[in-house]
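# Fold and geometry: a report
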Amino acid sequence: MKAARLLTMATLIVALLMQACGPVAPPPPTGSMDGLVSIESEGVDGISVTLSNGASATTANGGKYLFGVVEAGAYTVAISNYPADAMFDRTWTGVTFATEGETVTANFSGTWIRTSSIIGSVTVENESLGGVTVKISGMGNSETLTDGSGLYVFNWLRAGTYTVEISGFDEDLYGFDVTTERVTVALQDTAWVPFTGIMLRTAGIEGTVTVEGTGIPNVTVTVTGGPKDEEHTRLTDSAGYYIVDRLHAGDYAVAISNFASDMDFDTTTQSIPVELRDTATANFVGTWIRTTRIEGTVTEELWAPP
């Protein structure tokens, strides 16, 4: 009897509680959210994405992110931790989930800030060298040619590290100790990257100074001209031989002087073209000047015995 009364009271209490609390509400609908964070149409990994309910994700697999289960409602989604030289048209947006299973997409598109420059020159022995190919690689790839003043310019670059390389010059004429340089430019920075070379001296002129087959020593040989308007002086050795080496390819004049006055040469100056890696020959052949004579008489005296 007592137990029956306790059961009745418990049933009454449950009924009263149910009446006070009302019917049990069904769980709220849920959905998902995804999106892509890209800079100049290329997905970027490692960017933080935060939902206003506290959930967070990081872009991966080409700039993608995903929030798998999100209760219905209005939220704000924001991105952060993107590269310092990137700029987005928006870094946050509002989203709303209303129905069960709904998927909301929020993409973020940006561009690189391009305020850096790389400029420089290509010179050979203080003279500008035009038409040289200049390439940059690293944070971006580009190519140009030096102008008539030997200058090149790369504008509207991203900040970062680049490799600058020159090519396309005549390697038989010009030599550069360095044809590749690495340079780092900051935002709104301009880097100056020059390349300095030399003209290769691979040509030479040699010859002899002879008079009637005999080498004449200590004759002065002067070589002038070439692309640098040079002048070189040598003396012939004991065999009448001379050589002027380490010349640039080009046109030269070769002249002899300070030889004895009793020597006569058809020419004392020659024009000699010299090719790369070639040694041209300029010989000077002379004769003795014969302006003296020996004269006398021959007499005959009859001899008589004593």
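The structure this text deals with has already been given above.
Residues numbered from 1 in each chain as written. Predicted model: local features only at pLDDT ≥ 70, side-chain atom pairs only at ≥ 80, totals over all residues. Heavy atoms only, no water.

Tracing the backbone through its elements, the reader meets Thr210 in strand S21 (residues 203-211). Apart from residues no more than four positions distant in its own chain, Thr210 is found in contact with Gly215, Ile216, Phe265, Phe284, Val285 and Gly286. (Helix = DSSP H or I, 4+ residues; strand = E, 2+ residues; numbered from the N terminus. Contact = heavy atoms within 4.5 Å.)

Time to look at the pairing of strand S13 (residues 133-138). In terms of strand pairing, S13 meets strand S14 (residues 142-145) through four bridges, oriented antiparallel. Considered in S14, the bridge of Val134 is made with Thr144. Taking the residues that link successive antiparallel strands as the turn, the S13-S14 hairpin has three residues. Note that S13 and strand S16 (residues 160-167) share six bridges and pair antiparallel. When the bridges of S16 are listed, Gly138 appears paired with Tyr162. (Pairing = 2+ DSSP bridges.)

Within the structure shown, the criterion is met by six aromatic pairs. Between the aromatic rings of Tyr82 and Phe88, the centroid separation amounts to 5.0 Å while the plane-to-plane angle is 65°, which identifies the pairing as edge-to-face. Ring geometry for Phe259 against Phe265: centres 4.9 Å apart, planes inclined by 70°, an arrangement best described as edge-to-face. For the cation-ring pair, Arg90 lies above Phe108, with the distance from its terminal atom to the ring centre recorded as 5.4 Å. (Phe/Tyr/Trp six-rings, centres within 6.5 Å; stacked < 30°, edge-to-face > 60°. Lys NZ or Arg CZ within 6 Å of the ring centre and 35° of its normal.)

Here we have four strands laid out as an open sheet, ordered S14-S13-S16-S18, and antiparallel in their pairing. Either end of the sheet is taken by a strand with one partner, and the two such strands are S14 and strand S18 (180-185). Strand-to-strand twist across the sheet, computed as the mean angle between neighbouring axes with direction ignored, equals 25°. (Axes fitted to C-alpha atoms, helices over the stretch in contact; angles between N-to-C directions.)

A word on the pairing of S21. Extensive coverage of S21 is indicated by the burial of seven of its nine residues. Summarising the sheet, S21 and strand S25 (residues 241-247) pair through five bridges and their orientation is antiparallel. Bridge assignment links Thr208 to a residue of S25, and that residue is Tyr241. Direction of pairing for S21 relative to strand S30 (residues 284-288): parallel, over a ladder of three bridges. (Buried < 20%, exposed > 50% of the residue type's maximum accessible area, 1.4 Å probe, protein only.)

Turning our attention to the environment of Met87. Checked against the element boundaries, Met87 lands in strand S7 (residues 86-88). Between the C-alpha atoms of Met87 and Trp112, which are 25 residues apart in sequence, the distance is 6.1 Å. Residues within four places of Met87 in sequence aside, it is in contact with Gly110, Thr111 and Ile113.

Limitation: the analysis is restricted to geometry and does not speak to function.
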